[in-house]
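Spelled out, the chains give:
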Amino acid sequence: MSKEPLNRYVEHGVDAAPCSPMEPPEARADPTVEQIPFESLVLPLRELLEEHQEYEKVLNVFEKSLLELKQKEWRFSPEISSGLKRFFQFQDERMIGHHRKEEKCVFPFLREKFLATGEHSPTGKPVTPVEVMEDDHLELGQSACLVFNLLGLAPRLEDAKSRNVLFEHAFNLGQEIVERMRLHIYKENTVIFPLAQQLISEDEWGVIGKMMQEI
Ligand SMILES: [Fe+2]
Ligand SMILES: [Fe+2]
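Here the structure is a predicted model, which means the values were calculated and not measured.

Looking only at helices and strands, one finds six helices and zero strands in the protein chain. Listing the helices and strands of the protein chain from first to last along the sequence gives α-α-α-α-α-α. Taken over 215 residues, the protein chain has a buried fraction of 26%.

Shown next, in the form of structure tokens:
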């Protein structure tokens, strides 16, 4: 197995595989990591992958709602409000739990394997691809919170110029969340999860499965 793709993620974080609407990430699955069909994945990974699929749908609606809001010059419609609300609700009710399952159950085992096989940054405190994923989780939570607050505050401002600045900032940050999380999901689906299945033993998956149920 080549170390190149993983070390690239460690060194460059989210910029390692830039996303373009003209070239969807699915078309560029890393050829050095063997892909595993859904039916052959261990149950804990299937569960996480299904949650990704649900989240991608919510992200699509969130992106569409933000675009419509901008097109309507920052005037909310019931449809826009419900698309935005769905994202923030999903974020609170489902994604926090999803990230907890990854961080508390799967990643500790995977981090150990990466450290044992030398898949980490070459100098200083060892950084593995797991830490890169955890940084994404943290930043997503912070950005989502900021967008939520900006969208709540902007309509209350009387000064049109200031209102537009806040809406514009919320819009850009929201778009960033969508792109970053699509890329994050792509990396987990095509690199992190296949490697996790390869490196973590059957017994360990048994433990992970139990931990995920209790979380
Ligand atoms: Fe994740
Ligand atoms: Fe995930």
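Additional details are given in the paragraphs that follow.
Quick look at helix α3 (residues 78-117) now. In an α-helix, one full turn covers 3.6 residues, which means residues spaced three or four apart are oriented alike. When the local axis directions of α3 are compared, the greatest deviation, roughly 50°, occurs at Phe107, which is followed within four positions by the proline Pro108. Taken together, the buried positions of α3 are Gly83, Leu84, Phe87, Phe90, Gln91, Met95, Glu102, Cys105, Val106, Phe107, Leu110 and Phe114. Buried positions along α3 lie against α2 (43-71), α4 (129-153), α5 (160-199) and α6 (202-214). Once α3 ends, the next one or two residues include Gly118, with phi positive near 80°.

Our next topic: the packing of α3 against α4. Across the interface, α3 lies against α4 with an axial gap of 9 Å and an inter-helix angle of 165°. Relative to α4, the element α3 lies roughly antiparallel. In this structure, α3 crosses over α4, and the sense of that crossing is left-handed. Here α3 contributes Leu84, Phe88, Gln91, His99, Glu103, Phe107, Leu110, Arg111 and Phe114 to the contact with α4, which in turn contributes Pro129, Val130, Glu134, His137, Ala144, Phe148 and Leu151. Taken together, the residues of the contact of α3 with α4 break down into 10 nonpolar, three polar and three charged.

Cut-offs and rules
Residues numbered from 1 in each chain as written. Chains lettered and ligands numbered in written order. Predicted model: local features only at pLDDT ≥ 70, side-chain atom pairs only at ≥ 80, totals over all residues. Helix = DSSP H or I, 4+ residues; strand = E, 2+ residues; numbered from the N terminus. Buried ≥ 20, exposed ≤ 12 C-beta atoms within 10 Å, placed from the backbone. Bend = angle between axes of the 7 residues up to and from the residue. Contact = placed C-beta atoms within 7 Å. Axes fitted to C-alpha atoms, helices over the stretch in contact; angles between N-to-C directions. Parallel < 35°, antiparallel > 145°, perpendicular 65-115°, else oblique. Left-handed = near helix turned anticlockwise from the far one by under 90°. Nonpolar A, V, L, I, M, F, W, Y, C, P; charged D, E, K, R; others polar.

Function-wise, these values are silent; they only describe arrangement.
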